[in-house]
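Survey of secondary and tertiary structure
Below, each chain spelled out in residue letters.
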Amino acid sequence: MTDTLTPVLTANWGDERAWTLPAYAEQGGYDALDVALGMAPEDVQTMVKDSGLRGRGGAGFPTGVKWGFLPPPDPENPKPRYLVVNADESEPGTCKDIPLMMASPHTLVEGVIISSYAIRAERAFIYVRGEVLHVIRRLQAAVREAYAAGHLGTNIHGSGYDLDLVVHAGAGAYICGEETALLDSLEGRRGQPRLRPPFPAVAGLYASPTVINNAESIASVPAIVKNGADWFAGMGTEKSAGVGIFSLSGHVKKPGQYEAPLGITLRKLIELAGGVREGHELKFWTPGGSSTPLFTQEHLDVTLDFEGVQAAGSMLGTRALQIFDDSVCVVRAVLRWTEFYKHESCGKCTPCREGTWWLVQVLERLEKGDGKPEDLDLLLDQCDNILGRSFCALGDGATSPITSSIQYFRDEYLAHLEQGGCPFDPATSTAWAESK
Amino acid sequence: MSDVTLKIDGADVTVPEGTLVIRAAEQVGIEIPRFCDHPLLAPVGACRQCLVDIPDAGNGRGFPKPQASCTIPVAEGMVVETQNSTAVKAQHGIMEFLLVNHPLDCPVCDKGGECPLQNQAMSHGQGETRFEGTKRTFPKPINLSPNVLLDRERCIVCQRCTRFAAEIPGDPGIALIQRGAQQQIGIAEDKPFSSYFSGNVIQICPVGALTSDDYRFRARPFDLVSTPSVAEHDACGAAIRIDHRRGKVMRRLAGNDPEVNEEWISDKDRFGFRYAVRDRLTSPMIREDGELRPASWLEAVAVAAAGLAAAGSVGVLPGGRLTLEDAKAYATFARDTLRTPHIDFRSRPLSEEETEFLRSRVAGTSVTYADLDAADHVVLVGLEPEDEAGTLFLRLRKANKAGLRITTLSPYASEGSRKLGAEVVLTAPGAEKDALSQVNGVTDASVILVGERLATSQGAYSAAADLADRTGARLAWVPRRAGDRGAVEAGLLPGEGGLDADGIVRAGLDALLVAGVDPDDTADPDAFLAALDRAGFVVSLEQRVTAVTERADVVLPVATASEKAGTFVTWEGRRRPFEKVFDKPAAYSDAEVLGHITTSLVEPASAASGVETNTASSSAEGDRVGLDTPPPPSLREGAPSLGASGRASSPDDLTRSPSGSGGSTDEGGFHLATWHLMLDNGTLQSGDKALAATARPAFVRIPAALHEQLGDVVTITGDRGSWTLPALPAELAEGTIWVPTNSFGRGVWADLASPGSTVSVEGAK
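The structure displayed is predicted, hence computed values, not measured ones.

What follows deals with the overall build of chain B. Secondary structure summary: chain B contains 24 helices and 32 strands in total. Compactness check: chain B gives a C-alpha radius of gyration of 29 Å against a globular reference of 27 Å for 765 residues, within 12% of the reference. Residue burial in chain B is summarised as follows: out of 765 residues, 56% are buried.

Take a look at the structure:
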């Protein structure tokens, strides 16, 4: 079988007005909710745990286990529990949650209701990055429809369960994708990561027990409830169960979202995407967004699951597969990414704030051919001083493209110095270059 | 809480569970470099300078990467390396990053020489930077407040200042704004950082980013001489450090005293010191032909002695700025030398009830700051700690955050009460007695703190004492001035048959000996001035020219707190001794001056014989007696001595009209509630412009309904005058308005109304 695509989340994306409630209901939407409401919340939790679903936001922490970290309900502690959905999708290259919410917001809404029920939360939030106004509107419309249809509000489906869902628009900061910064932002503060402990499960939003999950993780829940834990666990690999959306962008013929079981290879995905741009070869790619160390041609057969990618020296991350062909200067690409991190560093901790500021200056120098060969060692040492020293993972992520690109393309960096500038013509890597 | 043993750099350390690694290291003398960490602030882990290697977290497994020791708690069996290659590399790396955008302008920076960044860059840095790029720049400095300036280039955004502001005084007027390398400390638009404790952010800034307008560019730390001392601005006894150069105070810093002020002081304690160099009386003066003229010490002392000796009756008003030693000297001088029972340190509205209360319930007692921490409930009556006792305010706030219940009986729900987390029982002035009888939850583990304002509320002191007796709660009196408690301990209260301060003013005694009293602070300023005019002989012991100076026959300059050694007694009863900062010739303490007068009284001729001028009193013959000879047990024959009957007016005359009952005022007037704002027109704040600029705008507080009706400016009329002032709506006790005591004109008692009276309020014309 050549087609390994397994559309679950993406199955209805092509439907007529798929984002509306009627279209979603047409293909069985909100049926899973009835199934869940017919179960004890603990059983829903167990089901998600058994399915092997791991966080789709990048870290891959088992979702059901995370839910289990909430302290047991305590009559002495009247604090509410919250479910917060992280839909602040901002990683360069990552584009799965936003298309999902754009095409089928009800999948996420249903997932929120079931998940909230499972953890006994009566209020849930979806934190969406503020720039994607059209997505926010669709999500808000979906929430309105769900309220009107009795999927949200009081006594949902006659079960006695109440849930309010708030769609919150962020203000466009990458750091707010970090879960504790997201909580600060949601509370109306300036988004900066919090000190842990206390962990959100104990004292999260408004110092109350809180579960924070990625949008795709939560959107996966209805299908699991509907089809069973075994169905989901049967897909993917033993440790990386289920399906996920792989976002191919860059120099492939048909970029887009490809939903497939975890464990697929880039070779297969590129094949599905019609191959690399005509007349060019794959040069390097990111397995999970710009914060994951680069891969090259030699990694085409790495299995794209959490374990496989890690064994090969990178991270599965958000399955944001950015494909760069041989027309791209790796120094230029890395500099652009580093500028992004410098711009998005929240400023809280020294290594990230000052380190990214400095890294950009060294990379600029190298790109222009003004640098020295020793600058590469300087870059690596700076990265060593940032990685694992910064307050949150933003700083760590900033070092990934630099260290991995020097690892695989040191000669290309040196070529800039030898030639007194970039040996590539950036115009040749543009989307319109072929047509000229 | 159990103890945990871990190994830091090979040394075993046992510390309580929950201790942070950085604190545990301090226990064995290992100093880990740090910037954002501060023992009195919540950990934040922002600067990352304190990274250490933890090869074993106590579970046999190590952390793969260096950990911030300021945020990680100890664990049993943990192994910490603060100086191995991993830790050193991490620390060097962070230090290099910190200096990337730092201007390295140490040679022109006020912090240079006492700068944690400079010092730790030397001890934990590489010496040379590899950074060859462009540093970010900002216009600088910018004002966070009229007195606190920010240099954003030097700032390493450790957040010590913002955390202090939010956590310690509860004045979160500064916050981080922007992000990345542009992240900076900011204030809300047109809203300067306003806190009575703002100067502390300058002191805890680990770089030279925060400076005071007051001290900026004035001195280098290594040119300063530091002398530990005690703040003289309130009765809290905050430890301070006075930094001086060539006989001049350059700045004052908070001392570190965990039992009293921890590491914080108020801005008044920090910036209020120029009074000691402005308008100082420099030499003794005597009045001749109606004019004061400079005189020698011997002459002036002799004149003073002769005048006091000749007087039939003498009243002694020593004021509240005294050290314990000075207070004792006044007590001895009045009792043994002048033999007058008319002595009273109080220079504010007072009552006989208070006199009795101070004698029986305050003198010799002790309630400490630590007792407040341990209390289950603290009840404040007639006391506004934020304005009147800064250190006490911070300690109470800290205790409240740790769970202490605080109740305040106050005329209005102030911001200060809110920051203390206090339950406010709105109590009109005069109604404290009834309110005290209804306070709940007072046990033998509680503390009742009463302020000196209760003197104007009949029955309040007694009610507080009753409450304490009934419940077993402890009772403490918190006065405003540094010398007040010491004066109580020294017995500067009317002797048997003696008159209190108000009585002395009314009685028309022959002579008055007046020290640190501003007539405008007293219950009846005009009567006080009239008493000075009426008295046949007035001796003034003062630091600076005052209204008393203008009416004195002899003026004897005395030393300020920094010019003498002495002891302040805090509201707790704690002795706070301090050393002399400046050894100035002829800067005599009150006690020394009184000693001179005593000597002169004993042997007037010998004292006068040293005076070359024509002194009227120098007549008798006798051997010269040294100034330090103790006074003989009795004065020469014929010395004035007021008997118990004295010349006091009848007790009825002395009894002030009782204050308002607290109910609605039948006359349609309002009860006048008042206290001093921390920063106002006080004498000891004069000359400190930057400090004055940070004072909160003074407003009258009126009931919201009235504010709606009358608007933002109101005219208040009392029995002594009328003021038109800006007003804010507030939650007040029924029929009450609040006016700051000494923020306008000559103050409330001189310009507006008598203590305990009612006032009328109308819209400004």
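Continuing now.
Counting secondary structure elements, chain A contains 17 helices and 9 strands. Against the 2.2 N^0.38 benchmark of 22 Å for 436 residues, chain A shows a C-alpha radius of gyration of 22 Å, consistent with a compact globule. Relative to its full complement of 436 residues, chain A shows a buried share of 55%. Pairs at least 24 residues apart make up 71% of the contacts formed inside chain A by residues separated by at least 6 positions.

This part is about the interface of chain A and chain B. At the junction of the two partners, chain A supplies 22 residues and chain B supplies 27 residues. At the level of elements, α14 (330-344), α15 (350-367) and α16 (374-386) of chain A are the ones that each hand at least two residues to the side of chain A that touches chain B. Here the side of chain A that touches chain B takes 8 residues from α15(A), the largest share from any one element. Of the residues contributing to the side of chain A that touches chain B, the split by class is 8 nonpolar, 8 polar and 6 charged.

A word on the UniProt feature "domain: 4Fe-4S Mo/W bis-MGD-type" (unreviewed entry) in chain B. Within this structure's numbering, the places UniProt gives as "domain: 4Fe-4S Mo/W bis-MGD-type" (unreviewed entry) are residues 224-280 of chain B. Regarding residues 224-280 of chain B, the helix share stands at 9% and the strand share at 35%, and the terminal C-alpha atoms are separated by 24 Å.

All names here are of chain B. If you walk across this open sheet you meet the 3 strands as β11-β12-β13, and the pairing is antiparallel. The open sheet has two free edges, formed respectively by β11 (225-230) and β13 (248-254), since each of these has just one partner strand. Neighbour-to-neighbour, the strand axes of the sheet open up by a mean angle of 30°, direction not taken into account.

With that settled, the discussion passes to the domain arrangement of chain B. A common way to express how large an interface is: the accessible area buried when the components associate. Residue and element names in this part refer to chain B. Partitioning chain B into domains gives domain 1 (3-44 + 51-87), domain 2 (295-348 + 486-557 + 587-609), domain 3 (352-479) and domain 4 (670-763). The gap between the C-alpha centroids of domain 2 and domain 3 is 33 Å. Taken residue by residue, the interface counts 6 residues in domain 2 and 7 residues in domain 3. For the side of domain 2 that touches domain 3, the per-class residue count stands at 3 nonpolar, no polar and 3 charged.

Our next topic: the domain arrangement of chain A. All names here are of chain A. Domain annotation of chain A identifies domain 1 (21-233), domain 2 (243-323) and domain 3 (330-428). Between the C-alpha centres of domain 1 and domain 3 the distance comes to 36 Å. Looking at the side of domain 1 that touches domain 3 residue by residue, the class counts come to 6 nonpolar, 2 polar and 1 charged.

Turning to the nonpolar core, a few remarks are in order. Grouped together as the largest cluster of nonpolar side chains are 347 residues, with contacts concentrated most on Val84(A), Val85(A), Leu308(B), Tyr330(B), Val381(B), Ile448(B) and Ala464(B). For this core, the element with the highest residue contribution is helix α7 (residues 297-310) of chain B, accounting for 10 residues. If we ignore the near neighbours within four places in the chain, the residues touching Ala464(B) are Val381(B), Leu436(B), Ile448(B), Val450(B) and Leu475(B).

Turning our attention to the UniProt feature "domain: 4Fe-4S His(Cys)3-ligated-type" (unreviewed entry) in chain B. What UniProt calls "domain: 4Fe-4S His(Cys)3-ligated-type" (unreviewed entry) maps, in this numbering, to residues 86-125 of chain B. Between the C-alpha atoms that bound residues 86-125 of chain B the distance is 14 Å, and the span itself is 60% helix and 0% strand.

What follows concerns the sheet that holds strand β19 (residues 423-426) of chain B. Residues and elements named next belong to chain B. Strand order in the open sheet formed by 5 strands is β19-β18-β17-β20-β21, with parallel pairing between adjacent strands. Looking at which strands have only one partner, the edges of the open sheet turn out to be β19 and β21 (474-478). Pairs of neighbouring strands in the sheet enclose a mean axial angle of 20°, with direction left out of account. In terms of strand pairing, strand β17 (residues 377-381) meets strand β18 (residues 405-410) through 5 bridges, oriented parallel. Considered in β18, the bridge of His377 is made with Arg405. The sheet strands contacting helix α15 (residues 460-471) are β17, β20 (447-451) and β21, and the helix crosses β20 at an angle near 170°.

With that settled, consider unusual backbone geometry. Omega for the bond connecting Arg196(A) with Pro197(A) falls within 30 degrees of zero, at -5°, which places this linkage in the cis form. On the secondary structure map, Pro197(A) appears in the loop between α8 (179-186) and α9 (200-203). Here Pro197(A) and Pro198(A) are connected by a cis peptide whose omega angle stands at 5°. Of note, the phi angle at Arg319(A) is positive, near 55°, even though the residue is not glycine. Mapped onto the elements of the fold, Arg319(A) is located in the loop between α13 (306-311) and β9 (320-325). Overall, Arg319(A) belongs to the buried group, with 30 C-beta atoms counted inside 10 Å. Phi at Asp279(B) takes a positive value of approximately 50°, unusual for a residue other than glycine. With respect to the element layout, Asp279(B) can be found in the loop between α6 (267-271) and β14 (285-288).

Rules used throughout
Residues numbered from 1 in each chain as written. Chains lettered and ligands numbered in written order. Predicted model: local features only at pLDDT ≥ 70, side-chain atom pairs only at ≥ 80, totals over all residues. Helix = DSSP H or I, 4+ residues; strand = E, 2+ residues; numbered from the N terminus. Rg over C-alpha atoms; globule rule 2.2 N^0.38 Å. Buried ≥ 20, exposed ≤ 12 C-beta atoms within 10 Å, placed from the backbone. Contact = placed C-beta atoms within 7 Å. Nonpolar A, V, L, I, M, F, W, Y, C, P; charged D, E, K, R; others polar. UniProt positions renumbered as here; feature names shortened; annotations may be inferred. Pairing = 2+ DSSP bridges. Axes fitted to C-alpha atoms, helices over the stretch in contact; angles between N-to-C directions. Domains from an automatic or database assignment. Core = buried A, V, L, I, M, F, W, Y, C linked by C-beta atoms within 7 Å.

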